[in-house]
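Coordinate inspection notes
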Amino acid sequence: MRAAVLEAAVAELGETGYAALTVDGVARRAGVHKTTIYRNWADSDALVADALAGHFAAEIPVPDTGAVESDLRALARSLVATMATLAGRALLATVLSDAVRVPRLAEVKRALFDDRFRRAEPVVTRAVERGELPADTDPAELLKALAAPIYFRLVFTGEPADEATADGAVRVALAAAHARALPAPRHRPRPDVH
């Protein structure tokens, strides 16, 4: 039942958007009574947060082809493919709506992106170790530079994003890294050692 409700919530988000999502619609799609949903989730915001967090928490493959360009290409193409799915459209619809004012959903959005950057960080770290990128390359900033052209098309211009978009994003991110045009790395506090 839980899986059916979460899947139905993602489908409703993808089709109707956050503002038009109703517990009745999710219940109908999942084949359950709305009281079943309310017994498990306090409100529609809690349901949406659970649905998105659960869907995107799945392990994403981190490429290790031995070359930064092909690793980044695989990441960028995966992002394009993910955003073309119903769940990807649901995520975009939610984070671009008033939902970001809901503290629980804002936390989910932040956690989703932090998780993606953390998982993909080894791609950049390995490239630095191989000498393919400058030693001071900040992994998160390079990954943001990689994702930015893709999200710009999807969110602002409404243009399609495809493999050519992904490949272009790789070229831009790598050029910025090699030109040392990315923001400087943020120094993380070191844990106390006693």
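Everything below is about the structure shown above.
Below: a short report on this structure. (Residues numbered from 1 in each chain as written. Predicted model: local features only at pLDDT ≥ 70, side-chain atom pairs only at ≥ 80, totals over all residues. Heavy atoms only, no water.)

Before going further, it helps to examine helix α5 (residues 68–83). For α5, with 16 residues, the first-to-last C-alpha span of 22 Å sits near the 22 Å given by 1.5 Å per residue. When we look at burial in α5, the residues that qualify are Val68, Asp71, Leu72, Leu75, Ala76, Leu79, Val80 and Met83. Structurally, α5 contributes buried residues whose contacts are with α4 (44–56), α6 (86–95), α7 (103–129), α8 (139–157) and α9 (163–178). (Helix = DSSP H or I, 4+ residues; strand = E, 2+ residues; numbered from the N terminus. Expected span 1.5 Å × (residues − 1). Buried < 20%, exposed > 50% of the residue type's maximum accessible area, 1.4 Å probe, protein only. Contact = heavy atoms within 4.5 Å.)

So, about the side chain of Arg119. Turning to its location among the elements, Arg119 is positioned in helix α7. Residue Arg119 is classed as buried on the basis of its relative accessible area of 14%. Side chain to side chain, Arg119 and Asp115 meet in a polar contact 2.6 Å long. (Polar contact = N/O pair within 3.5 Å; in protein donor to acceptor, adjacent residues only side chain to side chain.)

Contact geometry of helix α1 (residues 2–16) with α4 gives a least axis separation of 9 Å together with a crossing angle of 95°. When the axes of α1 and α4 are compared, the pair comes out roughly perpendicular. Here Arg2, Val5, Leu6, Ala9, Val10 and Leu13 of α1 lie close against α4, whose contacting residues are Leu47, Val48, Asp50, Ala51 and Leu52. (Axes fitted to C-alpha atoms, helices over the stretch in contact; angles between N-to-C directions. Parallel < 35°, antiparallel > 145°, perpendicular 65-115°, else oblique.)

What follows covers α4. Between its first and last C-alpha, α4 extends 18 Å over 13 residues, near the 18 Å set by a 1.5 Å rise per residue. Buried within α4 are the following residues: Asp45, Leu47, Val48, Ala49, Ala51, Leu52 and Phe56. At its buried positions, α4 is contacted by α1, α2 (23–30), α3 (34–40), α5, α6 and α7. Measuring from the backbone nitrogen of Asp45 back to the side-chain oxygen at the start of α4 gives 3.2 Å, which picks out Asp43 as the cap.

This part covers unusual backbone geometry. Excluding glycine, residues mostly carry a negative phi; peptide bonds, for their part, are mostly trans. The phi dihedral of Arg180 is positive, around 55°, even though this residue is not glycine. Along the chain, Arg180 falls in the segment after α9. Residue classification places Arg180 among the exposed residues on the basis of a relative accessible area of 54%.

Let's shift gears to the packing of aromatic side chains. Under the defined criterion, the tally for this structure stands at two aromatic pairs. A centroid spacing of 6.1 Å and a plane angle of 70° characterise the contact between Phe113 and Tyr151, whose relative ring orientation is edge-to-face. You can see Phe113 sitting in helix α7 and its partner Tyr151 sitting in helix α8, a full 38 residues away along the chain. The buried category is assigned to Tyr151, whose relative accessible area is 18%. Ring geometry for Phe152 versus Phe156: centroids 5.5 Å apart, planes at 40°, classification tilted. You can see Phe152 and its partner Phe156 sitting in helix α8, four residues apart, about one turn around the helix. Note on Phe152: relative accessible area 45%, which makes it partly exposed. Among the residues examined, Phe156 registers a relative accessible area of 64% and is labelled exposed. (Phe/Tyr/Trp six-rings, centres within 6.5 Å; stacked < 30°, edge-to-face > 60°.)

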